Amino acid sequence: MKGLKSGIFLLLIALTFAAEEYTKFPFTIEAEDCDDAGEPWTSIYDKKIKGEFSGKGFVYLTSTPFSFNLTVPEDGMYQFNARIGQILSKDGRLQTISINGVDYSYTVPYYEEWTDFDFGMHRLKKGPNKITFKPIYGFAVFDTITVTEATFPDFSSVP
């Protein structure tokens, strides 16, 4: 009985201090592989985005948000980019990224072909983080999302 208690105690210690699996950067995810992405699209009502999408297709952000999780070892700044197209409005279309429930909106220009779009630099907290693209104004197509650790310019030589 004493040996069993010792084994259980050691197992509990190991589980308590087990290393959390952290996201490796750069991190790229196919939009269609995100949570709640639905079935992949390959065209927008018979209209194709110029160029090739990667993976099985893309997400057409219309009425349902899609999301993914990132787990980071410490608080820090991360850069978010998406390979997207936007063929609804030549005036641009507002797109919303939510980082742990805080919304940030960006105007995405009219893109008839797949284009890398900068969704900015955002702070992630140590541990799990939820990233969501919301269809507040929507109607853009998302192929991939890439997250990298932020790099800052060297200001050491600035007087």
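Up top you'll find the structure we're talking about.
Let me begin by describing the structure that accompanies this report. This is a predicted model, so every value here is computed, not measured.

1. Brief notes about the sheet that holds strand β5 (residues 93-99)
Taken together, 4 strands build an open sheet; the order of strands is β3-β8-β5-β6 and the sheet is antiparallel. Each edge of the sheet is formed by a strand with only one pairing partner; in this case those strands are β3 (66-72) and β6 (102-108). Averaged over neighbouring strand pairs, the angle between their axes works out to 25° when direction is ignored. Summarising the sheet, β3 and strand β8 (residues 127-134) pair through 7 bridges and their orientation is antiparallel. Within the sheet, the bridge partner assigned to T71 lies in β8 and is P128.

2. Concerning the environment of I131
Inspection of the secondary structure puts I131 in strand β8. Exposure remark for I131: the relative accessible area of 0% places this residue in the buried category. Ignoring sequence-local partners within four residues, the contact set of I131 consists of F66, S67, F68, L70, F80, I97, S98, I99 and L124.

3. Quick word on unusual backbone geometry
Residue P26 is bonded to the preceding F25 through a cis peptide linkage, with omega at 0°. Position of P26 among the secondary structure elements: in the loop between α1 (2-16) and β1 (27-30). Its identity is not glycine, yet D36 carries a phi of approximately 65°, on the positive side. Structurally, D36 can be placed in the loop between β1 and β2 (59-61). Given a relative accessible area of 59%, D36 falls into the exposed group.

4. Here's the deal with the pattern of salt bridges
The tally for this structure, following the rule as stated, stands at 4 salt bridges. A salt bridge links K50 to E112, with the nearest nitrogen and oxygen atoms 3.2 Å apart. Placement of K50 in the loop between β1 and β2 and of E112 in strand β7 (residues 111-124) is noted, with a sequence separation of 62 residues between them. Taking relative accessible area as the criterion, K50 reaches 48% and is therefore assigned partly exposed.

5. Describing the environment of G120
Residue position: G120 is located in strand β7. In sequence terms G120 and Y78 are 42 residues apart; their C-alpha atoms lie 8.4 Å from each other. Among all residues touching G120, those that are not within four sequence positions of it are Y78, Q79, F80 and Y106.

6. Thoughts on the packing of aromatic side chains
Considering all chains together, one arrives at 16 aromatic pairs under this definition. With centroids separated by 5.4 Å and ring planes inclined at 70°, the aromatic side chains of F66 and F142 adopt a geometry described as edge-to-face. Remark: F142 occurs in strand β9 (residues 140-149) and F66 occurs in strand β3; sequence separation between them is 76 residues. Just as F66 is buried, F142 falls in that class too. Seen in terms of ring centroids, F119 and F133 are 5.3 Å apart; in terms of plane orientation they differ by 80°. Their pairing is edge-to-face. Of this pair, F119 sits in strand β7 while F133 is found in strand β8, placing the two residues 14 residues apart along the sequence. For F133, a relative accessible area of 1% corresponds to the buried category. Members of the aromatic cluster, each reached through a chain of ring pairs, are F66, Y106, F117, F119, F133 and F142.

Scoring rules and cut-offs
Residues numbered from 1 in each chain as written. Predicted model: local features only at pLDDT ≥ 70, side-chain atom pairs only at ≥ 80, totals over all residues. Heavy atoms only, no water. Pairing = 2+ DSSP bridges. Helix = DSSP H or I, 4+ residues; strand = E, 2+ residues; numbered from the N terminus. Axes fitted to C-alpha atoms, helices over the stretch in contact; angles between N-to-C directions. Buried < 20%, exposed > 50% of the residue type's maximum accessible area, 1.4 Å probe, protein only. Contact = heavy atoms within 4.5 Å. Salt bridge = Lys/Arg side-chain N within 4 Å of Asp/Glu carboxyl O. Phe/Tyr/Trp six-rings, centres within 6.5 Å; stacked < 30°, edge-to-face > 60°.

Taken by themselves, the reported measurements are silent on function.
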